[in-house]
Amino acid sequence: MRKIALITRLIGGNYTIVDVESKQEFEAKARGGLRYVKVDPSSSFHRTISKRTKKETELLQISPKVGDYCYYDDLEDTILIDEILPRKNELSRPDIANIDQLLLTFSVVEPTFSFHLLDKFLISSYQNNLTPVILVTKIDLATTEELKELKENLSYYQKIGIEVHYVNSLDIESVTEERLFLEGKITVLAGQTGVGKSTFLNALKPGLDLRTGEISKALGRGRHTTRHSELYKIGGGYIADTPGFSKLDIDIHKFEELKNYYPDFIELSSDCRFGNSCNHLNEPKCKIKEEVLNGNILTSRYENYLSFIDEIKNKKIIY
Ligand SMILES: Nc1nc2c(ncn2[C@@H]2O[C@H](COP(=O)(O)OP(=O)(O)OP(=O)(O)O)[C@@H](O)[C@H]2O)c(=O)[nH]1
Ligand SMILES: [Mg+2]
Ligand SMILES: [Zn+2]
C-alpha cells in the first residue's frame, strides 16, 4: 500500500507533510520527474491552465502545493513526494489546494463591517467552488444596537445556507467554544487587513504567536510578512492565515455571468418572466426585484449586485 500524506507547509522547496494514517510529520522534497505530468482535459488539474490551448495542456507542469494530498516514498535518507492526488479546488493567492471552507472574516467595527466586500467574497467563493463561512470578530467593541442590527442583516445569509459565527478573539475561552466548525476541515481565512484573522488563530491555538495588529500597521503591510503558505493544525482540522488586502477584483468578464454566482437568485429565477436568462436588471416581471421590494431579499445585496454589474461593464480588459 502506498502511503498518503497531506502537505502542510512549503518554504523554499522544502515541504512538510503529515501522513494521513499515522499522523507522523516529515520534511520532504518533490521528486524531479513529478513536475511534468500528462493531463487530460477532465482532470482536476485542468482548471489551473484553462486559459491555454488544449495542446499545451497535455504536458503540464504541476508543483505540489499546501493542501495537496500526495503519495510519498520513504527512502533511506530523504522522503520524496511521488505523486499528487487530484485536487477538488485550489487558490493561487494564497497558494492552497483542497479547501473545504473559506472563512470570510469581518470585524463589526475597526474596520466597519462591509456588505459590499462580503457579497464580493461570496462571488469569489462560488466561482472557486469553495464553501463560504462568515466570521464576525470584535463583537466586544460594538454597541448592543450595532450588533443587533448586524445580526438582523446577516440572518439573510444564514437563511440562504451560510454559517455565521460571532467572536471576541480577546476572550480565548469563548473562541474555543466556537471552534467546532473547523473540525476535520481545511479552512482558509480571508479578509481585509486589521479585521483580526491572526488574532483569531492565536486564540484558537495558544502558543502559535502569529504577528498581529500594530506591527503590520507600522511597517506597512506585505513587505515584512512571511509569504509562505502554511496549514496550522487546530484540533482535528487545519487552518491557514492569509495576509489582508484592501482590494478584490471580480474575475468575470461578461456581466451576464454574474447571476450564476448568486445561489439565492438562481433558486428564484424560474419565477422570473425570462427564467434563467433574466439578468434581474430592467426585465419585466423579475422575481428577484419583486422579492427585494417585498423585503425577502436584502436590499444591500441587490444594490451590490447592481454595482458589480457596473464594475464588470466598466472594466477595461487588456489582452
Ligand atoms: N477588541 C478586539 N480586538 C481585536 C479582536 N480581534 C482582533 N483584534 C485586534 O485587532 C487588531 C488587528 O488584528 P490582526 O489579527 O492583526 O488582524 P489581521 O486580520 O490578521 O490583519 P492582517 O494580518 O494585516 O491582514 C489587533 O490589534 C488585535 O488585537 C477582537 O475580537 N476584539
Ligand atoms: Mg494577520
Ligand atoms: Zn429576474
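All values derive from a computational prediction rather than experimental measurement. (Residues numbered from 1 in each chain as written. Chains lettered and ligands numbered in written order. Predicted model: local features only at pLDDT ≥ 70, side-chain atom pairs only at ≥ 80, totals over all residues.)

### What about the site of ligand 1?
In the region of ligand 1, 22 residues are neighbours, and G196, T199, T212, G213 and G244 sit closest. In terms of residue count, the dominant contributor to the shell around ligand 1 is helix α5 (residues 197-204) (3 residues). Here the shell around ligand 1 is built from residues that sort into 5 nonpolar, 13 polar and 4 charged. (Near = placed C-beta within 6 Å. Helix = DSSP H or I, 4+ residues; strand = E, 2+ residues; numbered from the N terminus. Nonpolar A, V, L, I, M, F, W, Y, C, P; charged D, E, K, R; others polar.)

### Considerations on the sheet that holds strand β2 (residues 14-19)
One closed barrel holds the 5 strands; their spatial order is β1-β2-β3-β7-β6, and the pairing between them is mixed. Each adjacent strand pair in this sheet contributes to an overall mean axis angle of 55°, direction not counted. Where strand β1 (residues 3-11) and β2 come together, 6 bridges link them in antiparallel fashion. Among the inter-strand pairings, L10 is bridged to a residue of β2, identified as Y15. (Pairing = 2+ DSSP bridges. Axes fitted to C-alpha atoms, helices over the stretch in contact; angles between N-to-C directions.)

### Quick look at the environment of K23
For K23, the position within the fold is in the loop between β2 and β3 (25-30). K23 sits 17 residues away from L6 along the chain, and the two C-alpha atoms are 9.4 Å apart.

### Digging into the nonpolar core
Ranked by internal contacts, the top residues of the largest apolar core, which has 65 residues, are I17, L103, L104, L135 and V188. No other element matches the 5 residues that helix α2 (residues 115-127) contributes to this core. Those residues in contact with L104 that sit more than four places away from it in its chain are L118, F121, P132, V133, I134, L135, A190 and G191. (Core = buried A, V, L, I, M, F, W, Y, C linked by C-beta atoms within 7 Å. Buried ≥ 20, exposed ≤ 12 C-beta atoms within 10 Å, placed from the backbone. Contact = placed C-beta atoms within 7 Å.)

### A look at α2
For α2, which comprises 13 residues, the first-to-last C-alpha distance of 18 Å matches the rise-based estimate of 18 Å (1.5 Å per residue) to within 8%. Taken together, the buried positions of α2 are L117, L118, D119, K120, F121, L122, I123, S124 and S125. At the C-terminal side of α2, N129 shows a positive phi close to 65°. (Expected span 1.5 Å × (residues − 1).)

### Focus on the sheet that holds strand β11 (residues 131-137)
Strand order in this open sheet of 6 strands is β12-β11-β10-β13-β15-β14, and the pairing throughout is mixed. What marks the edges here is a single partner per strand, and that holds for β12 (164-166) and β14 (232-234). Recorded for the sheet is a direction-independent mean angle of 30° between the axes of neighbouring strands.

### As for the environment of N168
Within the secondary structure, N168 is located in the loop between β12 and α4 (172-178). Taking the C-alpha atoms as reference, N168 lies 5.7 Å from T137; in sequence the two are 31 residues apart. The contacts of N168, once residues within four sequence positions are left out, are K138, I139, D140 and S174.

### Overview of the pairing of strand β13 (residues 186-190)
Along any regular strand the residues' side chains alternate between the sheet's two faces. In terms of burial, β13 is largely enclosed, as 5 of its 5 residues are buried. Across 4 bridges, strand β10 (residues 101-107) lies against β13 in parallel orientation. Looking across to β13, one finds that L103 is bridged to L189. As judged from the 3 bridges shared by β13 and strand β15 (residues 237-240), these two strands associate in the parallel manner. The residue bridging I186 from the neighbouring strand is Y238, located in β15.

Treat this as a map of the structure, not an account of what it does.
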